[in-house]
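A look at the structure
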Amino acid sequence: MPTVADVPARLLLGSGPSPVPERILKALSHPTVGHLDPAFGALQDDVAALLRATMKTTNKVTFPLSATGSGGMQAMVDTLVAPGERVVVGVCGAFGGRMADALGRAGAEVVKVEAEWGRALSNDALIEAAGDPSTRALFVVHGETSTGVAQPLDGLADAVHAHDGLFLVDCVTSLAGHPLDLDAAGVDAAFSGTQKCLNVPPGLAPFTVGDRGLGRLQRRSWYFDLQAMVDYWFADGPRAYHHTAPINMIYALHEGLRIVEEEGLDARWARHARAHEALRAALSVLGFERFAPDGEQLHSLLAVSVPDAVDEAAVRGALLREDGIEVSGGLGPLAGRAWRIGVMGEGARQEPQERLVRAAARRTNGDEHAAVRALEEGWTAA
């Protein structure tokens, strides 16, 4: 019978989860206390403050949902959109498609604005669709994990706010790894995940909602009842019990957010951008080319085409089994044609990237020396 001790260590350079630093693992192992313990309550307050700084928002209601990033998406659907409401959804990859599906199941009138996989959506098209006065919300994925594309947010909030609609954003893969200022972009609500650039294990969904969204709360879902969670996380008096929070995961998130604070967001964003371009240059030597064009790339995830001569699934499998390195394959129309490589937090550093480049070169009979040199030059470039 297998045990945890039988699970091998991996270098996680796929689309998530990402490498978890030792200090976060240590935080996870700290003794558990009760979810209503005043000492834990003080930690909750600090987590909320650190999340506001990381998400660049002043929203009071900013906290981690006890769910994965997909739970954050469901909470947004169940809480902020009513059946029959017109919602414009940007779809240029798997995760925009998921939101459209979730909204449709919840009874919303879904209007899709689409682009080919590997390209950002046209902001003009989004603005035009959201300009319909019956539009109650506009949703986009800021960092599309299936394609490695970052969506510009310019002008989108103004378009939907013109008739008091909500601007909703998925920032699961971009948070703390790609420039994002939620308040400056006029975002009314956003969700993320802990397992990407925060380097915390999966299990929590950072979530924020501003006053415009709080004025539209739907209480259709028992578990994702944001008002009940606000009464627990932000009570003026005793915290109201809703569910038993995942204590140790919140310990881990607190430590992950402290690491972000210590590095500073600007420095962290710059490091991810450098890591992305260095890895792109190294893999290009081996024949892997980025899907996203210049200016549309998501710094925290590099999606590349696999050379025709390479059996992508076989090589990817060998990297995992024999080299202990995980990278992700393509989804949807990119299945069998792409690798999705995480450039997230501790994965956005030269040493783990060099391990991947050397192993990929050996597995594809590429020029290992030239690829590593390109990586080094990318890291030392001004």
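This text goes with the structure placed above it.
In short, a report on the structure. Quick caveat, the model's predicted, so the values are computed rather than measured.

**Digging into the overall build of the protein chain**
A tally of regular secondary structure across the protein chain gives 13 helices and 15 strands. The C-alpha radius of gyration of the protein chain comes to 21 Å, within 12% of the 21 Å expected for a compact globule of 382 residues. Counting across all 382 residues of the protein chain, residues that qualify as buried make up 58%. Put simply, of all contacts in the protein chain between residues at least 6 apart along the chain, 72% involve residues at least 24 apart.

**Overview of the side chain of His254**
As for its placement among the helices and strands, His254 is situated in helix 9 (residues 247-263). Not counting the four nearest positions on each side in its chain, His254 is found in contact with Leu43, Asp46, Val47 and Leu50.

**Thoughts on the pairing of strand 10 (residues 205-209)**
Counted residue by residue, strand 10 has five buried out of five residues, so it is predominantly covered. Both faces of strand 10 are covered, namely the face carrying Ala205, Phe207 and Val209 and the face carrying Pro206 and Thr208. Pairing between strand 2 (residues 61-65) and strand 10: five bridges, direction antiparallel. If you follow Pro64 over to strand 10, its bridge partner there is Pro206. As paired strands, strand 9 (residues 189-191) and strand 10 are joined by three bridges and run antiparallel to one another. Paired with Ala189 across the strands is Val209, a residue of strand 10.

**Examining the packing of helix 11 (residues 312-323) against helix 12 (residues 350-364)**
The N-to-C vectors of helix 11 and helix 12 enclose an angle of 120°; their axes lie 10 Å apart at closest approach. In this view, helix 11 runs oblique relative to helix 12, as classed from their interaxial angle. Crossing of helix 11 over helix 12 shows right-handed handedness. Here helix 11 contributes Val315, Ala318, Leu319, Glu322 and Asp323 to the contact with helix 12, which in turn contributes Arg355, Leu356, Ala359, Ala360, Arg362, Arg363 and Thr364.

**Looking at the packing of helix 10 (residues 265-285) against helix 12**
Between helix 10 and helix 12, the shortest axis-to-axis distance is 11 Å and the interhelical angle comes to 15°. As far as their axial angle goes, helix 12 and helix 10 are roughly parallel. Handedness of the helix 10/helix 12 crossing: right-handed. Contacts from Ala275, Leu279 and Ala282 in helix 10 reach Gln353, Leu356 and Val357 in helix 12.

**Considering the sheet that holds strand 11 (residues 289-290)**
Taking strand neighbours across the sheet as the criterion, the four strands line up as 11-12-15-14 in an open arrangement whose pairing is antiparallel. Strand pairing shows two members of the sheet lacking a second neighbour, strand 11 and strand 14 (328-329), which therefore form its edges. Bridge count between strand 14 and strand 15 (residues 338-342): two bridges; the pairing is antiparallel. Bridging across to strand 15, Ser328 finds its partner in Arg340. Contacts from helix 11 reach strand 14 and strand 15 within the one sheet, and its direction differs from that of strand 15 by about 30°.

**Some thoughts on the nonpolar core**
Among the nonpolar cores identified, the biggest contains 92 residues, and Met76, Phe167 and Leu168 are the most heavily contacted of them. Top element by residues in this core is helix 9. It accounts for nine residues. For Met76, the contacting residues outside a window of four places in its chain are Val81, Met99, Phe139, Leu168, Val169, Ala189, Ala190, Phe191 and Phe207.

**Some words on the environment of Leu180**
Its place among the elements puts Leu180 in the loop between strand 8 (166-170) and strand 9. Each C-alpha atom, one on Leu180 and one on Asp225, is 27 Å from the other, the two residues being 45 residues apart in sequence. Setting aside residues no more than four positions away along its own chain, Leu180 makes contact with Met55, Lys56, His142, Leu153, Cys171, Ser174 and Trp269.

**Some details on the sheet that holds strand 2**
Across the sheet, seven strands lie side by side as 2-10-9-8-5-3-4; this open sheet has mixed pairing. Sheet topology places strand 2 and strand 4 (109-114) at the edges, where each strand pairs with a single neighbour. Between one strand and the next, the sheet's axes are offset by a mean angle of 15°, whatever the strand orientation. Relative to strand 5 (residues 135-141), strand 3 (residues 86-91) is paired through four bridges, and the arrangement is parallel. Each bridged residue has a counterpart across the sheet, and for Arg86 the counterpart in strand 5 is Thr135. Here helix 3 (residues 69-80) sits on the sheet and contacts strand 2, strand 5, strand 8, strand 9 and strand 10; the angle it forms with strand 9, its principal contact strand, is near 155°.

Calculation criteria
- Residues numbered from 1 in each chain as written.
- Predicted model: local features only at pLDDT ≥ 70, side-chain atom pairs only at ≥ 80, totals over all residues.
- Heavy atoms only, no water.
- Helix = DSSP H or I, 4+ residues; strand = E, 2+ residues; numbered from the N terminus.
- Rg over C-alpha atoms; globule rule 2.2 N^0.38 Å.
- Buried < 20%, exposed > 50% of the residue type's maximum accessible area, 1.4 Å probe, protein only.
- Contact = heavy atoms within 4.5 Å.
- Pairing = 2+ DSSP bridges.
- Axes fitted to C-alpha atoms, helices over the stretch in contact; angles between N-to-C directions.
- Parallel < 35°, antiparallel > 145°, perpendicular 65-115°, else oblique.
- Left-handed = near helix turned anticlockwise from the far one by under 90°.
- Core = buried A, V, L, I, M, F, W, Y, C linked by side-chain atoms within 4.5 Å.

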